[in-house]
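Summary of the model geometry
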Amino acid sequence: MDRVALRGLKARGHHGVFPKEREEGQTFIVDLVLGLDTRPAAADDDLAKTVHYGVVAEEVVAVVEGEPVDLIETLAERIAQSCLKHEGVQEVEVCVHKPDAPITVPFDDVTVTITRSRV
């Protein structure tokens, strides 16, 4: 299986379990790895035979900016399901970063990574 990766998609969302997170929002960063067969697209040099990563990026940002959820696990699942709606995408790895998580000790990042497939 071939891979198409999008790294560092940024969007502001209002996800979290604390009222301040819901009210003020924060930046979330998403990394994606889409698994698909790119040979038909490469053979014909045809965008219609692969995944349009620009469209995927816009849809992922819309999910992050959309309906708030408590957990980034839930957010990652919603993003994965959105990606799998694209014909040809057989598998997706989603990593959601929450660099401004409300943690009381110094840290660099919090992430949740999931892998989902059609099978």
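Everything numeric in this text was worked out from a predicted model, so none of it was measured. (Residues numbered from 1 in each chain as written. Predicted model: local features only at pLDDT ≥ 70, side-chain atom pairs only at ≥ 80, totals over all residues. Heavy atoms only, no water.)

A word on the sheet that holds strand S3 (residues 91-97). Sheet architecture is open: four strands sit in the order S1-S2-S3-S4, paired in antiparallel fashion. Bordering the open sheet on either side are strand S1 (2-13) and strand S4 (111-117), each of which pairs with just one other strand. Taken over all neighbouring pairs, the strand axes of this sheet differ in orientation by 15° on average, direction set aside. Bridge count for S3 against S4 is seven bridges, and the pairing is antiparallel. Each residue of the ladder has a partner; that of Val96, found in S4, is Val112. (Pairing = 2+ DSSP bridges. Helix = DSSP H or I, 4+ residues; strand = E, 2+ residues; numbered from the N terminus. Axes fitted to C-alpha atoms, helices over the stretch in contact; angles between N-to-C directions.)

Nonpolar side chains collect at one region of the surface, where Val17, Phe18 and Leu71 lie side by side and expose about 280 Å² of accessible area between them. With respect to the element layout, Leu71 can be found in the loop between helix H3 (53-65) and helix H4 (72-84). (Patch = residues over 30% accessible without salt bridge, like charges linked within 9 Å, V, L, I, M, F, W, Y side chains within 5 Å. Areas by Shrake-Rupley, 256 points an atom, 1.4 Å probe, with all protein chains shown as cover. Salt bridge = Lys/Arg side-chain N within 4 Å of Asp/Glu carboxyl O.)

Once that is clear, we can look at the UniProt feature "domain: Dihydroneopterin aldolase/epimerase" (unreviewed entry) in the protein. Sequence positions flagged by UniProt for "domain: Dihydroneopterin aldolase/epimerase" (unreviewed entry) are, in local numbering, residues 4-116. With 34% helix and 30% strand, residues 4-116 has end C-alpha atoms that lie 15 Å from one another. (UniProt positions renumbered as here; feature names shortened; annotations may be inferred.)

This paragraph deals with unusual backbone geometry. Phi at Asp45 is positive, roughly 50°, even though this residue is not glycine. Inspection of the secondary structure assignment puts Asp45 in the loop between helix H2 (39-44) and H3. A residue is classified by how much of its surface remains accessible, and Asp45, at 74% relative accessible area, is exposed. (Buried < 20%, exposed > 50% of the residue type's maximum accessible area, 1.4 Å probe, protein only.)

A few words on the nonpolar core. In terms of nonpolar packing, the biggest core is built from 29 residues, with Val30, Leu32, Leu34, Ile79, Val94 and Val96 touching the most fellow members. Mapped onto this core, the elements with two or more residues apiece are S1, strand S2 (26-36), H3, H4, S3 and S4. No other element matches the seven residues that H4 contributes to this core. When neighbours within four sequence positions are excluded, Leu32 is seen to be in contact with Val4, Ala5, Leu6, Arg7, Leu9, Val56, Val60, Ile79, Cys83, Val92, Glu93 and Val94. (Core = buried A, V, L, I, M, F, W, Y, C linked by side-chain atoms within 4.5 Å. Contact = heavy atoms within 4.5 Å.)

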